[in-house]
Amino acid sequence: MAGPARSRETALTVARLLDDHKAAGTVVLDLAGVSTLADFFVIATARSSAHLAGLARELTGALHALGRRPLNAHKRAEASGWLLVDCGDVVIHLMEREQREFYDLERLWFRAGTVPYSSKSS
């Protein structure tokens, strides 16, 4: 895993990118002390399957620019309405509204703290 500062910066950069590309309800969860699964979750909602695909493209480019390579290969996330990108220390969940409401990851990980950030567009 990467160091905590790099993990945090990756999570915040991803959150800002998603906000700047009109994702809704973006949240960064700090999993330190809660789980060994990852250091941070970034969760955001896409408006449609086409928006989800667009966010995925933007995210791929941003992760590449950060020198980050996802551990998983995703295909056809638009069909399921949920794209999970696992970078080891940072796990990104892009979901359509229905999936986000159904799985309610923030409630599931209620012990995780929320990391405040501001996007360029705010």
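Just above sits the structure.
So, a few notes on the structure that sits alongside this text. (Residues numbered from 1 in each chain as written. Predicted model: local features only at pLDDT ≥ 70, side-chain atom pairs only at ≥ 80, totals over all residues. Heavy atoms only, no water.)

### Description of the environment of T13
Inspection of the secondary structure puts T13 in helix α1 (residues 4-20). The spacing of T13 and Y117 is 104 residues in sequence and 9.4 Å in space, taken between C-alpha atoms. (Helix = DSSP H or I, 4+ residues; strand = E, 2+ residues; numbered from the N terminus.)

### Overview of unusual backbone geometry
Located in the positive-phi region is K22, a residue other than glycine, with phi close to 70°. With respect to the secondary-structure elements, K22 resides in the loop between α1 and β1 (24-30). Given a relative accessible area of 52%, K22 falls into the exposed group. Of note, D104 is a non-glycine position whose phi angle comes to about 40°, a positive value. Relative to the helices and strands, D104 resides in the loop between α4 (97-103) and α5 (105-108). Residue class for D104 comes out partly exposed when judged on its relative accessible area of 24%. (Buried < 20%, exposed > 50% of the residue type's maximum accessible area, 1.4 Å probe, protein only.)

### Structural notes on the nonpolar core
Counting 25 residues, the largest nonpolar core has L18, V28, V42, L59, I92 and L94 as the members making the most contacts within it. Membership of the second largest hydrophobic core comes to 11 residues, among which are L29, I43, M95 and W109. (Core = buried A, V, L, I, M, F, W, Y, C linked by side-chain atoms within 4.5 Å.)

### Describing the pattern of salt bridges
Applying the stated rule across the entire model yields six salt bridges. The shortest N-O distance in the salt bridge between R97 and E98 comes to 3.1 Å. R97 sits in the partly exposed class, given a relative accessible area of 45%. Here R107 and D104 are joined by a salt bridge, their closest N and O atoms 3.0 Å apart. Judged by its relative accessible area of 59%, R107 is exposed. (Salt bridge = Lys/Arg side-chain N within 4 Å of Asp/Glu carboxyl O.)

### Some words on the packing of aromatic side chains
What the rule picks out here adds up to three aromatic pairs. On the basis of an interplanar angle of 80° and a centroid distance of 5.2 Å, the ring pair of F41 and W109 is categorised as edge-to-face. In this pair, F41 sits in strand β2 (residues 40-46) while W109 sits in the loop between α5 and β5 (113-114), placing the two residues 68 residues apart along the sequence. For W109, a relative accessible area of 18% puts it in the buried group. Here the aromatic rings of W82 and Y103 are separated by 4.7 Å at their centres, their planes lie at 50°, and the arrangement is tilted. With a gap of 21 residues between them, W82 in strand β3 (residues 82-86) and Y103 in helix α4 connect regions that are remote in the sequence. (Phe/Tyr/Trp six-rings, centres within 6.5 Å; stacked < 30°, edge-to-face > 60°.)

### With respect to helix α2 (residues 49-65)
The terminal C-alpha atoms of α2 lie 24 Å apart, and with 17 residues this matches the ideal 24 Å at 1.5 Å per residue to within 8%. Once α2 ends, the next one or two residues include G67, with phi positive near 75°. (Expected span 1.5 Å × (residues − 1).)

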